[in-house]
Amino acid sequence: MKNNTLALQCLLLVLSFLVIFLQLWSFPYPSPLVKPLLAPKERWPEDQIKAWVESGTFDPGFVRYFMRDPERTVPPGDNLVAPADGIVKEIVRTSDVVYFVIGLSFWDVHVVRSPVAGIVTDIEQEGLSVFRDRSESASLAFLEGKAGPVQAIVTIAAGGHSYKVRLITSWWASRLKVSARIGQEIAKGERLGRILLGSTVVLDAPADTAFSAEVGSRMVAGESVIATLKTERP
Amino acid sequence: MNFIWRNGRFAWPFVLAIAGVALALYAFDLAWRVLTLPFAELALVFAAGVLAVVALALVITRWGGGK
């Protein structure tokens, strides 16, 4: 009886010390005991993800979550759909074009989709920067604050108009993957590529595009309708 | 020593105090992530809880020893 009690006590003490060790070892980040109970944003805090980016070593669980690529139900009709998951940061109008800017967090799906059905006419992807004309970077406010922005620009011709989807990240992340090909006929909501870590997707649309989505609203790529296309009468 | 080892086995107040500390650390970590309360306030609450558990263990030990 005494031996059974002692064995039980030893087991309890070993388990308790194990819990204490795991809790203190992973501080200030969530311990492996707590992680399964947390939502993604709490399970992998921003500070921890930034530390992984610096070191180049990521938690496998976070990588599996980050690389998810769920199917989307594309709404019918003559409309533009959001090219990326995230929050609408701003809608910038100029005389020639309107920029629809979506900011992606670490926990958003990073697969970029075509906002409209059309034909891919151009893909620009040139190393660290595609700003051949530095004045472009000066005029694009959504690129301010980006350390050496890297972008890939996919141009899609649709309904007599030209749309550009910009996949943008910073030089230290610097990983963009475009799966679309020049000349490809692409469907609305079809995958264009993927940003392999953070930050922004911008849609360049004709200046007269009337966006129904508001700044601050959450977007779901391929599903959220952001504007209705004007159909020209024959 | 009476608090840790007694009659050829660990003293139950000691075992339960260690288990209590482990449970408190786990609960604190979970609460901090889920409730998003300020770290300092939450830490004070849990520290007080842990101290209460340890104090209770000591009282039970002395009360058991005084019998």
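One can find the structure itself at the top, above this paragraph.
Residues numbered from 1 in each chain as written. Chains lettered and ligands numbered in written order. Predicted model: local features only at pLDDT ≥ 70, side-chain atom pairs only at ≥ 80, totals over all residues. Heavy atoms only, no water.

### Let's talk about the environment of B:Ala57
All names here are of chain B.
For step 1, the next point in the chain: Mapped onto the elements, Ala-57 comes out in helix H2 (residues 39–66).
For step 2, the next point in the chain: In this structure the C-alpha to C-alpha distance between Ala-57 and Val-15, which are 42 residues apart in sequence, comes to 9.3 Å.
For step 3, the next point in the chain: If near-sequence neighbours (up to four positions away) are discounted, Ala-57 is found in contact with Phe-3, Pro-13 and Ala-17. (Helix = DSSP H or I, 4+ residues; strand = E, 2+ residues; numbered from the N terminus. Contact = heavy atoms within 4.5 Å.)

### Regarding the sheet that holds strand E4 (residues 111–113) of chain A
Residue and element names in this part refer to chain A.
For step 1, the next point in the chain: One open sheet accounts for 3 strands, arranged E4-E10-E8; its pairing is antiparallel. Edge positions in the sheet fall to E4 and strand E8 (176–178), since each has one partner strand and no second. With strand direction ignored, the average angle separating the axes of adjacent strands in the sheet is 20°.
For step 2, the next point in the chain: With 3 bridges joining them, E8 and strand E10 (residues 191–195) adopt antiparallel strand pairing. (Pairing = 2+ DSSP bridges. Axes fitted to C-alpha atoms, helices over the stretch in contact; angles between N-to-C directions.)

### Notes on the pattern of salt bridges
All names here are of chain A.
For step 1, the next point in the chain: Overall, the coordinates contain 8 salt bridges over all chains when judged by the stated rule.
For step 2, the next point in the chain: Taking the shortest distance from any N to any O, the salt bridge between Glu-71 and Arg-191 comes out at 3.0 Å. Residue Glu-71 is located in the loop between helix H4 (60–66) and strand E1 (79–81), and its partner Arg-191 is located in strand E10; the two are separated by 120 residues in the primary sequence.
For step 3, the next point in the chain: Here Glu-71 falls in the exposed class, since its relative accessible area comes to 64%.
For step 4, the next point in the chain: Shared partners join several salt bridges into a network, and the residues in it are Asp-69, Glu-71, Arg-113 and Arg-191. (Salt bridge = Lys/Arg side-chain N within 4 Å of Asp/Glu carboxyl O. Buried < 20%, exposed > 50% of the residue type's maximum accessible area, 1.4 Å probe, protein only.)

### Describing the sheet that holds strand E2 (residues 86–93) of chain A
All names here are of chain A.
For step 1, the next point in the chain: Across the sheet, 8 strands lie side by side as E9-E5-E6-E7-E11-E3-E2-E12; this open sheet has antiparallel pairing. For this open sheet the edge positions go to strand E9 (185–186) and strand E12 (218–219), each flanked by a neighbour on one side alone.
For step 2, the next point in the chain: Pairing of strand E3 (residues 97–103) with strand E11 (residues 200–206) involves 7 bridges; the strand directions are antiparallel. If you follow Val-98 over to E11, its bridge partner there is Ala-205.

### Some points on helix H3 (residues 46–55) of chain A
Residue and element names in this part refer to chain A.
For step 1, the next point in the chain: Burial in H3 covers these residues: Gln-48, Ile-49, Trp-52 and Val-53. Seen from one end, H3 has its buried residues packed into an arc of 145°, which puts them on one side. Structural note: H3 exposes Asp-47 and Glu-54 on the side pointing more than 90 degrees away from its buried face.
For step 2, the next point in the chain: Against the buried residues of H3 lie helix H2 (40–43) and H4.
For step 3, the next point in the chain: Positive phi appears at Gly-56, one or two residues downstream of H3, with a value of about 85°. (Arc of directions from axis to C-beta.)

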